[in-house]
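Coordinate inspection notes
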Amino acid sequence: SPILAMTQVYQHPVATAVWKDSFTALHGDHQVDAWFSAFLGIECKLLWLGMKSTRMLVNASTPMSFADGYPYLLVNQASLDTLNQELPQAVTLRHFRPNLVVTGALPYEEDDWSVIRIGEIVFDVAKPCTRCQMTTVDPDTGKFSDTNEPMKTLIRTRQLPQGICFGV
């Protein structure tokens, strides 16, 4: 099984970090590292958190993955449509990298949600997602926008108490 193979190969603890959050992950396959390094043109190491992550966020009781801060990002299609009306050139959902997209809600209605249900699964809406320059990267080319969009417009239209936000 793939999990058994991972546990047999990825056995060497390595200190790593996501932003300012330091934790331990597992390293193991130098051939995989070499392939990623050659493909991406930079030195890479593939790390695995193992069967149980040791990474804990402040004030959280559930271990985290390699995600920035939360494993789920929800974006409202109506909010993207409204943002695109403000932009000189429309952007896609891919600029924001959500793994959940809702339709049928009013623009920015998600800012006021505290709980959502998708099928049988209930999610607590932890907080708005503060955004950074990564939203200006073209997902097809990997290049930053010359116009700093959509960040420039988000700074003007989506300044919340938590920061510049889009999605939850």
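A short tour of the structure in this document, coming up. Nothing here was measured: the structure is a model prediction, and the numbers come from that model. (Residues numbered from 1 in each chain as written. Predicted model: local features only at pLDDT ≥ 70, side-chain atom pairs only at ≥ 80, totals over all residues. Heavy atoms only, no water.)

Scanning the chain from terminus to terminus reveals four helices and nine strands. Helices and strands in the chain line up, N terminus first, as α-β-β-α-β-β-α-β-β-β-α-β-β. Projected onto its principal axes, the C-alpha coordinates of the chain cover approximately 50 × 40 × 30 Å. Scored against the burial criterion, the 168 residues of the chain give a buried share of 35%. When contacts within the chain are restricted to residue pairs at least 6 apart in sequence, those whose partners lie at least 24 apart make up 52%. (Helix = DSSP H or I, 4+ residues; strand = E, 2+ residues; numbered from the N terminus. Buried < 20%, exposed > 50% of the residue type's maximum accessible area, 1.4 Å probe, protein only. Contact = heavy atoms within 4.5 Å.)

Within helix H3 (residues 77–86), burial applies to Ala78, Ser79, Leu80, Leu83 and Asn84. At its buried positions, H3 is contacted by strand S4 (74–76) and helix H4 (151–157). You can read the cap of H3 off the contacts: a side-chain oxygen lies 2.9 Å from the backbone nitrogen of Ala78, and it is on Asn76. (Polar contact = N/O pair within 3.5 Å; in protein donor to acceptor, adjacent residues only side chain to side chain.)

What follows concerns helix H2 (residues 30–40). Put simply, Asp29 is the residue that caps the front of H2, since its side-chain oxygen is 3.0 Å from the backbone nitrogen of Gln31. Note on H2: the residue one or two positions beyond its end, Gly41, has a positive phi of about 75 degrees.

Bringing the packing of aromatic side chains into the picture now. Aromatic ring pairs: the centre-centre distance and the angle between the two ring planes describe each pair. For the coordinates displayed, the defined rule picks out six aromatic pairs. Ring geometry for Phe23 against Phe66: centres 5.7 Å apart, planes inclined by 55 degrees, an arrangement best described as tilted. Of the two residues, Phe23 sits in strand S2 (residues 21–27) while Phe66 sits in the loop between strand S3 (47–48) and S4, which places them 43 residues apart along the sequence. The exposure class of Phe23 is buried, given its relative accessible area of 7%. Geometrically, the ring pair formed by Trp35 and Phe39 is stacked, given 5.2 Å between the ring centres and 5 degrees between the ring planes. Here Trp35 pairs with Phe39, and both are found in helix H2, just four residues apart, close to one helical turn. (Phe/Tyr/Trp six-rings, centres within 6.5 Å; stacked < 30°, edge-to-face > 60°.)

Note on placement: Gln159 falls in strand S8 (residues 159–160). With relative accessibility at 53%, the residue Gln159 sits in the exposed group. Separated by 93 residues in sequence, Gln159 and Phe66 place their C-alpha atoms 27 Å apart. Aside from chain neighbours lying at most four places away, what touches Gln159 is Leu154 and Ile164.

You can see Pro71 is positioned in the loop between S3 and S4. Along the chain, Pro71 and Pro98 lie 27 residues apart, while their C-alpha atoms are 10.0 Å from each other. Beyond its immediate sequence surroundings of up to four residues, Pro71 is in contact with Met64 and Asn99.

To continue, consider the side chain of Asn76. If you trace the backbone, Asn76 turns up in strand S4. Those residues within four positions of Asn76 in sequence are excluded, and the remaining contacts are Val102, Ala105, Leu106, Pro107, Tyr108, Glu109 and Glu110.

Where burial is concerned, the two faces of S2 differ: the one with Asp21, Phe23, Ala25 and His27 is buried and the one with Ser22, Thr24 and Leu26 is not. When strand S1 (residues 12–18) meets S2, the two strands line up antiparallel, connected through seven bridges. Bridging across to S2, Val18 finds its partner in Asp21. Hairpin connection, S1 to S2: the antiparallel pair is bridged by two residues, and Trp19 has positive phi, about 55 degrees. In the sheet, S2 pairs with S3 via two bridges, with the strands oriented antiparallel. From the neighbouring strand, His27 faces S3, where its bridge partner is Leu47. (Pairing = 2+ DSSP bridges.)

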